Protein chains: 2
Amino acid sequence: MPKSRASPERSTQVDRVANRLHSAAIHLLRGLRVEDTLSGLTAPRMSVLSVLVFAGPRTLGELAAAEQVRRPTMTRLIQGLEKDSLVRRQADPTDGRVSRMHATAKGRALLLEGRARRVAALRKRLEGLSPRDLDTLDRATELMERAVQAPA
Amino acid sequence: MPKSRASPERSTQVDRVANRLHSAAIHLLRGLRVEDTLSGLTAPRMSVLSVLVFAGPRTLGELAAAEQVRRPTMTRLIQGLEKDSLVRRQADPTDGRVSRMHATAKGRALLLEGRARRVAALRKRLEGLSPRDLDTLDRATELMERAVQAPA
DNA sequence: GAAAGTAGTTAGCTACGCTAATTATCGTAT
DNA sequence: ATACGATAATTAGCGTAGCTAACTACTTTC
């Protein structure tokens, strides 16, 4: 690959943006971490629950892949969520090895509350911005999501 | 402060941006997590090291505050970093209770490599964007950092 | 129906987070 | 000068989260 080379200016720009975006995302999320303690749910459990709520029922292996952890780790996360009645499992009628995880009503409610708290905290911090700045951020989120999808 | 502006339109916009920004930041960082395994350093240790490298020597308590963990947790993080010769402590000459942590040359090098890997991965994903889009992202990072500073 | 493959669990380890209690030092007030 | 309260850090002990290796229980394939 001929290192597609645009100008050195562009190279600098991409680099600069990558660097700053990286830092900004870290700092932004760090500031919201505080809100999570109120839910009584740990971050990994919250994250699993959010997959089940937003993407629907999933097998243990699918969840492990989605969360980028190994299956034994997911086994225990699910066990914890089950004990708190936030998730239920349902056996697959055609394949005796697998069972599908479902968020319970309680689990869904807990997740949505926690998420709302985080978003509310972020919202509060954005309140000082002008409509024009908010628009910039809005377009930036679009670009960020596109970058996530982009080929590694 | 008189709770300025509360039109439904603006309310909707802030809310929308908060929601999307929250998700986008999570997704963006999740995609970069893979790169970290190569450093041999765990995320919490990497983070502590980055404070020392970019903000300079700090006491254990200051580090704990910066990383939002309790002091005993920081004690062990530092012990781990010390064992790998990534951090050294230096006694405070005036106060016998405290010692200041310094990143060693090895620690600084390791951190910068790890960070470079993450940024390079992000950079690769941003390469498809136009200069105009990059500019939008650049301005957005500015706004994000400002939001982080904003009063909770 | 035996062998190979797949989904999930168990066992056992390290790391990270916490609180409570302890040690050592500092500052201050008597 | 000493004694007392405050502060910095560590130790002890607990639960959760991550891993690998080894196991069980099914499915698929030949």
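Only a predicted model underlies this, so the values are computations on that prediction, with no experimental measurement involved. (Residues numbered from 1 in each chain as written. Chains lettered and ligands numbered in written order. Predicted model: local features only at pLDDT ≥ 70, side-chain atom pairs only at ≥ 80, totals over all residues. Heavy atoms only, no water.)

Enquirer: An account of the protein's contact with DNA strand C is requested, with residue identities and associated values reported.
Expert: Around DNA strand C sit 24 residues, and of these Thr75 of chain A together with Thr42, Arg70, Arg76 and Gly96 of chain B come closest. Near the protein, meaning within 4 Å, the atoms of DNA strand C are sugar or phosphate in a fraction of 66%, with bases accounting for the rest. Taking Thr73 of chain B, its side chain carries an N or O atom lying 3.0 Å from a phosphate oxygen of DNA strand C. Between DNA strand C and Gly96 of chain B, the relevant distance is 2.5 Å, taken from a phosphate oxygen to a main-chain nitrogen or oxygen of the residue. Of all the secondary structure elements, the ones that give two or more residues to the surface near DNA strand C are helix 3 (60-67) and helix 4 (71-83) of chain A together with helix 2 (43-55) and helix 4 (71-83) of chain B. For the surface near DNA strand C, the class distribution of residues is seven nonpolar, nine polar and eight charged. (Near = heavy atom within 4 Å. Polar contact = N/O pair within 3.5 Å; in protein donor to acceptor, adjacent residues only side chain to side chain. Helix = DSSP H or I, 4+ residues; strand = E, 2+ residues; numbered from the N terminus. Nonpolar A, V, L, I, M, F, W, Y, C, P; charged D, E, K, R; others polar.)

Enquirer: Can you explain the protein's contact with DNA strand D? Please cite residues and give values.
Expert: Around DNA strand D there are 24 residues in total, and Thr42, Arg70 and Arg76 of chain A together with Thr75 and Arg89 of chain B lie nearest to it. Of all DNA strand D atoms lying within 4 Å of any protein atom, the proportion belonging to sugar or phosphate reaches 71%. A distance of 2.3 Å is found between a phosphate oxygen of DNA strand D and a side-chain nitrogen or oxygen belonging to Thr42 of chain A. One nitrogen or oxygen atom from the side chain of Thr75 of chain B is found 2.6 Å from a phosphate oxygen belonging to DNA strand D.

Enquirer: Give a description of the interface of chain B and chain A that names residues and reports values.
Expert: Taken together, the 58 residues of chain B in the interface contact 59 residues of chain A. Carbon and sulfur atoms supply 59% of the area that chain B and chain A bury against each other, a total of about 5,900 Å² over both sides. Taken as a group, His22, Arg123 and Arg125 of chain B account for 11% of the area that chain B buries against chain A, more than any other trio of residues on that side. Linking chain B to chain A there are eight salt bridges. The partner of Asp15 of chain B in a salt bridge is Arg123 of chain A, with the nearest N and O atoms 2.9 Å apart. Elements with a minimum of two residues in the side of chain B that touches chain A: helix 1 (8-36), helix 3 (60-67), helix 5 (105-126) and helix 6 (131-149) of chain B. In terms of residue count, the dominant contributor to the side of chain B that touches chain A is helix 1 of chain B (23 residues). (Contact = heavy atoms within 4.5 Å. Buried area = accessible area lost by both parts, 1.4 Å probe. Salt bridge = Lys/Arg side-chain N within 4 Å of Asp/Glu carboxyl O.)

Enquirer: An account of the pattern of salt bridges is requested, with residue identities and associated values reported.
Expert: Note that side chains of opposite charge can pair when their charged atoms are close. Here the structure, examined in full by the defined rule, presents 18 salt bridges over all chains. The shortest N-O distance in the salt bridge between Asp95 of chain A and Arg97 of chain A comes to 2.9 Å. By relative accessible area, Asp95 of chain A is classed as partly exposed at 21%. In this structure, a network of salt bridges that share partners links the residues Arg16 and Arg20 of chain A together with Asp138 and Glu142 of chain B. (Buried < 20%, exposed > 50% of the residue type's maximum accessible area, 1.4 Å probe, protein only.)

Enquirer: How would you summarise helix 6 (residues 131-149) of chain A if you had to cite specific residues and measurements?
Expert: Helix length check: helix 6 of chain A, at 19 residues, gives a terminal C-alpha distance of 28 Å against a target of 27 Å (1.5 Å per residue), a fit within 8%. Turning to helix 6 of chain A, its buried residues number three or more, namely Asp133, Leu134, Thr136, Leu137, Asp138, Ala140, Thr141, Leu143, Met144 and Ala147 of chain A. (Expected span 1.5 Å × (residues − 1).)

Enquirer: Describe unusual backbone geometry, and please don't skip the residues or the numbers.
Expert: Residues and elements named next belong to chain A. Located in the positive-phi region is Gln68, a residue other than glycine, with phi close to 55°. Among the structural elements, Gln68 can be located in the loop between helix 3 and helix 4. Residue class for Gln68 comes out partly exposed when judged on its relative accessible area of 41%. Phi angles above zero are rare outside glycine, and Ser85 is one such case at about 60°. Classification of Ser85 as partly exposed rests on a relative accessible area of 42%.

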